[in-house]
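Now for the letters of each chain:
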Amino acid sequence: MSGYGPFDGFTIAAMVLAVILSALVSLIGTSARRRSIAIGEARAADLAEMTGILDPKQLLAEFGPPDMGRVWRSVTLHDVRRARQPQGWLMSSDLVDYCCVAIAILSLFISHTLMYGALVFVLCVQIGGWVVASRLPK
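Computed from a predicted model, the values in this text were never measured in an experiment.

Some thoughts on the side chain of Asp-79
Structurally, Asp-79 can be placed in helix α4 (residues 77-83). Look at Asp-79 and you get buried, because its relative accessible area is 19%. With residues near it in sequence (within four places) discarded, Asp-79 still touches Phe-63 and Ser-74.

As for helix α7 (residues 113-133)
With 21 residues, α7 ought to run about 30 Å at 1.5 Å a step, and its terminal C-alpha atoms sit 30 Å apart, in line with that. If you check which residues of α7 are buried, you get Met-115, Leu-119, Val-122, Val-125, Gln-126, Gly-128, Gly-129 and Val-132. Of the surrounding secondary structure, the elements contacted by the buried residues of α7 are α1 (10-38), α5 (86-92) and α6 (94-109).

A closer look at the packing of aromatic side chains
Per the counting criterion, the structure on display carries zero aromatic pairs. A cation sits over an aromatic face here: Arg-84 above Trp-89, 4.9 Å from the ring centre.

A look at the pattern of salt bridges
Under the criterion given, the structure shown has seven salt bridges. Among the ionic pairs, Asp-94 bridges to Arg-34, the shortest N-O distance being 3.1 Å. With Asp-94 in helix α6 and Arg-34 in helix α1, the pair connects residues that are 60 residues apart, well separated along the chain. For Arg-82, the salt bridge goes to Glu-62, with nearest N and O atoms at 4.0 Å. In this pair, Arg-82 is assigned in helix α4 and Glu-62 in helix α3 (residues 56-63), connecting sequence segments 20 residues apart. The exposed category is assigned to Arg-82, whose relative accessible area is 53%. Residue Glu-62 is classed as partly exposed on the basis of its relative accessible area of 35%. Bridged by salt links that share partners, the residues Arg-33, Asp-46 and Glu-49 form one connected network.

Section: α6
Residue pairs three or four apart in sequence face the same way in an α-helix, which turns once every 3.6 residues. When the terminal C-alpha atoms of α6 are compared, their 23 Å separation across 16 residues agrees well with the 22 Å that a helix rising 1.5 Å per residue should span. Along α6, the positions that sit buried rather than exposed are Asp-94, Asp-97, Cys-100, Val-101, Ala-104 and Ser-107. Viewed along the axis of α6, the buried residues span an arc of 160 degrees, placing them on a single side of the element. Turned more than 90 degrees from where α6 packs its buried face, Leu-95, Tyr-98 and Phe-109 sit exposed. The secondary structure elements touched by the buried residues of α6 are α1, α5 and α7.

Reading guide: rules and limits
- Residues numbered from 1 in each chain as written.
- Predicted model: local features only at pLDDT ≥ 70, side-chain atom pairs only at ≥ 80, totals over all residues.
- Heavy atoms only, no water.
- Helix = DSSP H or I, 4+ residues; strand = E, 2+ residues; numbered from the N terminus.
- Buried < 20%, exposed > 50% of the residue type's maximum accessible area, 1.4 Å probe, protein only.
- Contact = heavy atoms within 4.5 Å.
- Expected span 1.5 Å × (residues − 1).
- Phe/Tyr/Trp six-rings, centres within 6.5 Å; stacked < 30°, edge-to-face > 60°.
- Lys NZ or Arg CZ within 6 Å of the ring centre and 35° of its normal.
- Salt bridge = Lys/Arg side-chain N within 4 Å of Asp/Glu carboxyl O.
- Arc of directions from axis to C-beta.

By themselves these figures say nothing about function.
Here you go:
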């Protein structure tokens, strides 16, 4: 891609590796958050990442107050899916992460300008998810 022999394709391989690693970390984190919600141990950070609701007051309005241990025991995964916003899709959607990995792997085998554009797009999606996640309430 660069035209210089030893580094030809290095940029593509680095982008593919970054997308795959980012998606794997996101999938692992989403799985842990989903598990804590399923067993009734959902904390504010879990609900904020899964729904994309960044304001604690909106979390209270959506799910009600937590119990004395600051845990929402009555929230289900269905409630979380119903309250999901676009930021939640960026941070914690398995479908988005699997599609990013698929496009990254395909770009290793298909050499086309549109595929490179798709690779840049999924890299931006992964970066966008991390940027939004940095604004989560603690």
